[in-house]
Amino acid sequence: MKPVKVGLLGLGTVGCGVVNVVARNASEIRRRAGRGIDIVSASARNLARRRECELSGIELTTDPSIIINDPEIQVVLELIGGIEPARTLVLGAVENRKHVVTANKALIALHGNEIFARASEKGVTVAFEAAVGGGIPIIKAIREALSGNTIEWLAGIINGTGNFILTEMRDKGRDFADVLAEAQRLGYAEADPTFDVEGIDAAHKLTILASIAFGIPLQFDRVYTEGITRITAKDVRNAAELGYRIKHLGIARRQGEGIELRVHPALIPHRRLLANVDGVMNAVLVRGDAVGPTLYYGPGAGAEPTASAVVADLVDVTRDLTVDPTNRVPHLAFQPDALVDLPVLPISQAISAYYLHLRAFDRPGVLADITRILGERKISIEAVLQPQPEEGAKDASIVILTAPVRESHIDEAITAIQSLDALTVPLTRIRVETLK
Ligand code: HSE
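Definitions and cut-offs
- Residues numbered from 1 in each chain as written.
- Predicted model: local features only at pLDDT ≥ 70, side-chain atom pairs only at ≥ 80, totals over all residues.
- Heavy atoms only, no water.
- Buried < 20%, exposed > 50% of the residue type's maximum accessible area, 1.4 Å probe, protein only.
- Helix = DSSP H or I, 4+ residues; strand = E, 2+ residues; numbered from the N terminus.
- Arc of directions from axis to C-beta.
- Contact = heavy atoms within 4.5 Å.
- Pairing = 2+ DSSP bridges.
- Domains from an automatic or database assignment.
- Buried area = accessible area lost by both parts, 1.4 Å probe.
- Salt bridge = Lys/Arg side-chain N within 4 Å of Asp/Glu carboxyl O.
- Polar contact = N/O pair within 3.5 Å; in protein donor to acceptor, adjacent residues only side chain to side chain.
- Axes fitted to C-alpha atoms, helices over the stretch in contact; angles between N-to-C directions.
- Near = heavy atom within 4 Å.
- Areas by Shrake-Rupley, 256 points an atom, 1.4 Å probe, with all protein chains shown as cover.
- Core = buried A, V, L, I, M, F, W, Y, C linked by side-chain atoms within 4.5 Å.
- Parallel < 35°, antiparallel > 145°, perpendicular 65-115°, else oblique.
- Left-handed = near helix turned anticlockwise from the far one by under 90°.

Quick look at helix H8 (residues 176–185)
Logical step 1: Of the positions making up H8, those classed as buried are Phe176, Val179, Leu180, Glu182 and Ala183. All buried residues of H8 fall inside an arc of 160° around its axis, so they share one side. Along H8, the residues that are exposed and aim more than 90 degrees away from the buried face are Ala177 and Arg185.
Logical step 2: The secondary structure elements touched by the buried residues of H8 are helix H7 (160–172) and helix H9 (194–197).
Logical step 3: In the segment just after H8, Gly187 is the residue with positive phi, at about 80°.

Let's talk about the pairing of strand E2 (residues 37–43)
Two faces, one strand: in a regular strand the side chains alternate between the faces of the sheet.
Logical step 1: Counting buried residues in E2 gives five out of seven residues, a clear majority hidden from the surface.
Logical step 2: Bridge count between strand E1 (residues 4–9) and E2: six bridges; the pairing is parallel. Bridge assignment links Gly7 to a residue of E2, and that residue is Ser41.
Logical step 3: In terms of strand pairing, E2 meets strand E3 (residues 59–61) through three bridges, oriented parallel. Counterpart to Ser43 in the pairing with E3 is Thr61.

Side note on the domain arrangement of the chain
Logical step 1: The domains assigned to the chain are domain 1 (4–135 + 303–338), domain 2 (138–299) and domain 3 (350–432).
Logical step 2: Between the C-alpha centres of domain 1 and domain 2 the distance comes to 26 Å.
Logical step 3: Taken together, the contact pairs 24 residues of domain 1 with 24 residues of domain 2.
Logical step 4: For the pair domain 1 and domain 2, the summed buried area comes to about 1900 Å², and 64% of that belongs to carbon and sulfur atoms.
Logical step 5: Between Lys140 and Asp316 there is a salt bridge, and its shortest N-O distance comes to 2.7 Å.
Logical step 6: Taken together, domain 1 and domain 2 are joined by eight residue pairs in polar contact (both at pLDDT 80 or more).
Logical step 7: Elements with a contribution of two residues or more to the side of domain 1 that touches domain 2: helix H5 (105–122) and helix H12 (303–320).

As for the sheet that holds E2
Logical step 1: The six strands are arranged E3-E2-E1-E4-E5-E6 in an open sheet whose pairing can be described as parallel. Lying at the two open borders of the sheet, with one neighbouring strand each, are E3 and strand E6 (126–127).
Logical step 2: The strands that helix H1 (residues 13–24) touches are E1, E2 and strand E4 (75–78); relative to E2, the one it contacts most, it runs at about 155°.

A few points about the site of the ligand
Logical step 1: Around the ligand sit Lys105, Asn159, Gly160, Thr161, Tyr188, Glu190, Asp196, Asp201, Lys205, Gly300 and Ala301, and that is every residue in its neighbourhood.
Logical step 2: Take Gly160: an N or O atom from its main chain is 2.7 Å from an oxygen atom of the ligand.
Logical step 3: Against a free-state accessible area of 260 Å², the protein chains account for coverage of 89% of the ligand.
Logical step 4: Counting residues per element, the ones that place at least two in the shell around the ligand are H7 and helix H10 (200–214).

Some thoughts on the nonpolar core
Logical step 1: Counting 54 residues, the largest nonpolar core has Ile138, Ile208, Leu209 and Val286 as the members making the most contacts within it.
Logical step 2: Secondary structure elements with two or more residues in this core: helix H3 (64–68), helix H4 (86–95), H5, helix H6 (138–145), strand E7 (151–157), H10, strand E10 (258–269) and strand E11 (281–288).
Logical step 3: Looking at this core element by element, the count peaks at nine residues for H10.
Logical step 4: Looking at which domains feed residues into this core, each of domain 1 (4–135 + 303–338) and domain 2 (138–299) gives three or more.
Logical step 5: Val286 has contacts with Ile138, Ile142, Leu146, Ile151, Trp153, Leu154, Gly292, Pro293, Thr294 and Tyr296, leaving out every residue within four places of it along the chain.
Logical step 6: The next biggest cluster of nonpolar side chains, apart from the first, holds 32 residues, and it includes Ile29, Cys53, Val310 and Leu314.

Focus on the packing of H6 against H10
The description of two packed helices rests on the angle between their axes and on the distance between the axes.
Logical step 1: One way to put it is that H6 packs onto H10 with a least axis distance of 9 Å and a crossing angle of 15°. What the angle tells us is that H6 and H10 run roughly parallel. Judged by the twist between their axes, the crossing of H6 over H10 is left-handed. Mapping the contact onto sequence places Ile138, Ile139, Ile142 and Arg143 in H6 and Ile208, Leu209, Ile212 and Ala213 in H10.

Next comes the structure, spelled out in structure tokens:
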């Protein structure tokens, strides 16, 4: 059979990684797909830039519309990133009945519902394995390998930059801003690092995971999102003293008739495998009712790990070319007419344990006032830590771990604690996830 003709949009780090992997593994890819995969054309804004990939034999252009309108091209690879022009180009390719492979998490999280509906109408596939967890085959695992399960919850470290920052803060006692600057120098961070450190990138990825896990539409605007910018070296130390590590997690969980969707820092017991995922690595823990807990670990970014996922999609899409569209794996794991609108619960209804860090004047009765406020609201205390005050400090640190409680109850307790005149600075609250 003739090779499949692929047009590539975007020759950045990942685009070049894909060109290299497709060339290096051409014979293995052919053995798997049943035919060759040829990248015949590629577009980039600046063709003069020096690149770490061999582009001879690929027709180059600065105009991506030439590729999406080329009748010879069967598959379009979108590796531009961001919303526009990526959205218009992907929809244009679909309109021309071309299959699409994309690594664009923001595009899928925000516009996936529209893109998949259009793709289904046109009988083409839009594949997006590389959008979550880089090289980890997490989309395929949840969508296909766990399809015998009712997924109960998943929790993941799905932003490598945030994990690198928290790991350095813990290992070297460094401050947040200092480590962020290094992550940017090393090229881990997104073009706009607020996407990484404010949790937006993780929320894009969680939106996608939750949708394929529970069979719900993509709902990025319903994800509760909190970043890591307020985590201090002191919180990291306190957590360690209590036997925990602070990680930035994306959590999707069934609760009653609804779904919790939340991205935020969390203390995890240090023995949990997820607590030991360090540096830029990613991992996702998925709990299915039949299989129990399963863990997927690997590089969440980088040229070749991301290319690994993109090329796997290319192989799948190549096989799909000869499959009746109604028999293909559905984009969001469940048949489009079987997606259900389970309500996404407001964060006030989430259930979690809490780490509370207070600074208060060191005088009798302060701890008693705090425990009374918690007790009155039936919030049970699991541990208390009062580190030795620093030399000459006018106030003392108090750290409290609570038992799991509804977020609205801890909010009430925190308001009452904040109103105590003994507090010298606003209280810090970080959720605690035991991942049981
Ligand atoms: N900025 C992302 C991260 C890259 O740090 O994980 C991969 O999506």
